[in-house]
Amino acid sequence: MATKTLKAQAAQVTDMLRKDHKKVKGLFKKFEKTNKAQEKQEIVDTILTELEIHAELEEKLIYPAIRPKMNDGDLMDEAIEEHHVVHAVIGELKKMKPAAERYDAKVSVLGELCKHHIKEEEEEMLPKAEKRDIDWDRLYEQVMKRKDQLLEKAGMSPNNGSPMNSKARKKK
């Protein structure tokens, strides 16, 4: 009985992560379907912002909260190393323009890295974490508060993550 309660509490956090994953995967698919440089740049800018926010939430709040309860240091270490590689590719993409020779390839590699990481999180890490006795309600409050702050700082609406209008963006 307690497992269902834990899983229900955990779902606040894990469902938010899965929703973020779905959004980013959709953005990568959208990127693959366009040939317009301006549209590519906008999509990639959104992908990078979404990934940076998501990674910060995981690295600073979620992973530290679940790691002590997981009894799987290797899985957690691998997730952190995958984040490290993603951050490196993000840094390279930020210096590139869509017309660059390997831009599309680099975005594709980033997408593959993310798909692999998402698969491991959703199939291994999150199901294990959902069974652990963690203060999920407190973690959810911390994560959502920080996510709203990061979205606002990035000029995105905390409600749905879409870009705010230029007037709202200038206020940040």
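So, how was this worked out
- Residues numbered from 1 in each chain as written.
- Predicted model: local features only at pLDDT ≥ 70, side-chain atom pairs only at ≥ 80, totals over all residues.
- Heavy atoms only, no water.
- Salt bridge = Lys/Arg side-chain N within 4 Å of Asp/Glu carboxyl O.
- Helix = DSSP H or I, 4+ residues; strand = E, 2+ residues; numbered from the N terminus.
- Phe/Tyr/Trp six-rings, centres within 6.5 Å; stacked < 30°, edge-to-face > 60°.
- Buried < 20%, exposed > 50% of the residue type's maximum accessible area, 1.4 Å probe, protein only.
- Polar contact = N/O pair within 3.5 Å; in protein donor to acceptor, adjacent residues only side chain to side chain.
- Contact = heavy atoms within 4.5 Å.
- Core = buried A, V, L, I, M, F, W, Y, C linked by side-chain atoms within 4.5 Å.
- Patch = residues over 30% accessible without salt bridge, like charges linked within 9 Å, V, L, I, M, F, W, Y side chains within 5 Å.
- Areas by Shrake-Rupley, 256 points an atom, 1.4 Å probe, with all protein chains shown as cover.
- Lys, Arg positive; Asp, Glu negative; His and termini not counted.
- Charge placed at Lys NZ, Arg CZ, Asp CG, Glu CD.

Caption draft 1: View of the pattern of salt bridges. The final tally for this structure, using the stated rule, is eleven salt bridges. A salt bridge links Arg18 to Asp15; its shortest N-O distance comes to 3.9 Å. Highlighted residues: Arg18 and Asp15, both in helix α1 (residues 2–32), separated by three residues, approximately one helical turn. Among the salt bridges present, the one from Asp77 reaches Arg67, with a minimum N-O distance of 2.5 Å.

Caption draft 2: The arrangement of the packing of aromatic side chains in detail. A complete count under the given rule lists one aromatic pair for this structure. A centroid spacing of 6.3 Å and a plane angle of 50 degrees characterise the contact between Phe31 and Tyr103, whose relative ring orientation is tilted. Remark: Tyr103 occurs in helix α4 (residues 103–129) and Phe31 occurs in helix α1; sequence separation between them is 72 residues. Taken individually, Phe31 and Tyr103 each receive the classification buried, so the pair is uniform in this respect.

Caption draft 3: Expanded view of the side chain of Thr34. Looking at the element boundaries, Thr34 is found in the loop between α1 and α2 (37–70). Exposure remark for Thr34: the relative accessible area of 7% places this residue in the buried category. Side chain to side chain, Thr34 and Glu39 meet in a polar contact 3.3 Å long. When neighbours within four sequence positions are excluded, Thr34 is seen to be in contact with Glu39, Lys40 and Ile43.

Caption draft 4: The nonpolar core, seen in detail. Residues Ile62, Tyr63, Ile66, Met70, Met125 and Trp136 are the most contacted members of the largest nonpolar core, which totals 24 residues. The biggest single contributor to this core is α2, with six residues. Sequence-distant contacts of Ile62, that is, excluding residues within four places in its chain, are made with Val13, Met16, Leu17, Leu57, Leu139 and Val143. Core analysis: the second largest hydrophobic core is formed by 18 residues, Val24, Phe31, Ile43 and Leu48 among them.

Caption draft 5: Molecular detail of a positive patch on the surface. A contiguous patch of positive charge, built from Lys22, Lys25, Lys29 and Lys33, is present on the exposed surface. Tracing the backbone through its elements, the reader meets Lys25 in helix α1. According to the relative accessible area criterion, Lys25 is partly exposed, its value standing at 32%.

Caption draft 6: Highlighting the environment of Glu112. Counting through the fold element by element, Glu112 comes out in helix α4. Between the C-alpha atom of Glu112 and that of Lys25, which follows or precedes it by 87 residues, the distance is 9.7 Å.

Caption draft 7: Quick peek at a negative patch on the surface. Taken together, the side chains of Asp74, Glu78, Glu123 and Glu124 present a region of like negative charge at the surface. Taken together, the elements giving at least two residues each to the negative patch come down to α3 (73–94) and α4. Among the structural elements, Glu124 can be located in helix α4. Taking relative accessible area as the criterion, Glu124 reaches 36% and is therefore assigned partly exposed.

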